[in-house]
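# Secondary and tertiary structure notes
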Amino acid sequence: GPDAPVHALRGFVAAELAEQARAGPGPEAAAEAALDALVLDKFHSFQGGACIDGAPSWDALREAARRQLSRLPEAVVEETIATAIMDGVSVHSLVADSVVSPDAEGHAHVFKAWYKTDAQARATCILVSGVEVALQAAVAEFATETVQVPIGSRPCECGLVWCERCTVYGDRTRRTPVFKRHKLTMAQQEALVARMHARMVEYGRWMLAGEGPSGGGHTVTLGR
């Protein structure tokens, strides 16, 4: 139903906050120490979220999501929407460690995204968190890997009364930046992922409480 994405968001945030409380402050302190050792020209952190209910069309749903996520890097928004909102497909996924191509200045966007889309109601909730980093050394190349992963389901093999649910697969491309001199250590990579995840959960909490910055924290209802 139209409330399914919001209910899923509430469950995701509650579970993650409980896990953070169980783990205590140790992991976050270790992550901050690893990030402090980075040699950067630029470090830009960004978070955003969107919940839209009752879009009259799939194109309208995508456009409403773009408006709510407009403060985020365009490449990140477009890649997230492409997998979170697909015509006629119900999707529920957490995409981790995605990297989109750098811009003309060589900056790489590394991000995580959580989303839940209900096809019947044309409703969605999306959370995105990431960083834009530019190490002092230039990006020499990108190691690229593309795999097929399950991203949702759609009705199929329908009889007179009911339909089966068939899995929908999509391509997921991961581009890992390779730098000439400076490289991210394993601890630094894990620290970036931990920071993005924690910020994403916190933004989701803001949204549900109606406390988020402009562009998040409320549900937009579009008349059919």
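The present account deals with the structure reproduced in this document. (Residues numbered from 1 in each chain as written. Predicted model: local features only at pLDDT ≥ 70, side-chain atom pairs only at ≥ 80, totals over all residues. Heavy atoms only, no water.)

Right, let's get into the packing of aromatic side chains. Within this structure, the stated rule accounts for 2 aromatic pairs. Considering the side-chain rings of Phe12 and Trp114, the 5.3 Å spacing of their centres and the 15° angle between planes classify their relative orientation as stacked. Here Phe12 is found in helix α1 (residues 4-23), whereas its partner Trp114 is found in strand β3 (residues 108-118), with 102 residues between them in sequence. Exposure class is identical for Phe12 and Trp114. Each is buried. (Phe/Tyr/Trp six-rings, centres within 6.5 Å; stacked < 30°, edge-to-face > 60°. Helix = DSSP H or I, 4+ residues; strand = E, 2+ residues; numbered from the N terminus. Buried < 20%, exposed > 50% of the residue type's maximum accessible area, 1.4 Å probe, protein only.)

This part is about the nonpolar core. Grouped together as the largest cluster of nonpolar side chains are 26 residues, with contacts concentrated most on Ile85, Tyr115, Ile126 and Val128. Filtering out sequence-adjacent residues up to four positions away, Ile126 remains in contact with Gly48, Gly49, Ala50, Ala65, Leu69, Thr80, Ala84, Ile85, Trp114 and Tyr115. By size, the runner-up hydrophobic cluster in this structure holds 13 residues, among which are Val13, Cys125, Tyr203 and Met207. (Core = buried A, V, L, I, M, F, W, Y, C linked by side-chain atoms within 4.5 Å. Contact = heavy atoms within 4.5 Å.)

Okay, the state of the cysteines next. As enumerated under the stated definition, the model contains 3 disulfides in all. Shown here is the disulfide that connects Cys51 with Cys125, its sulfur atoms set 2.0 Å apart. The S-S bond linking Cys51 to Cys125 shows a torsion near 115°; that makes this disulfide right-handed. A residue pair is termed long-range when its members are at least 10 positions apart, and Cys51 in strand β1 (residues 40-53) and Cys125 in strand β4 (residues 123-135) qualify at 74 residues. Of the two residues, Cys51 and Cys125, neither departs from the other in class, the shared state being buried. Shown here is the disulfide that connects Cys156 with Cys166, its sulfur atoms set 1.7 Å apart. The disulfide joining Cys156 to Cys166 has a torsion of about 75° about its S-S bond and is therefore right-handed. Separated by 10 residues along the polypeptide, Cys156 in strand β5 (residues 139-156) and Cys166 in strand β6 (residues 164-179) bring together distant segments of the chain. Of the residues examined, Cys166 reaches a relative accessible area of 27% and is grouped as partly exposed. Look at the chain and number its bonded cysteines as they come in the sequence; the links are 1-2, 3-6, 4-5. (Disulfide = S-S within 2.5 Å.)

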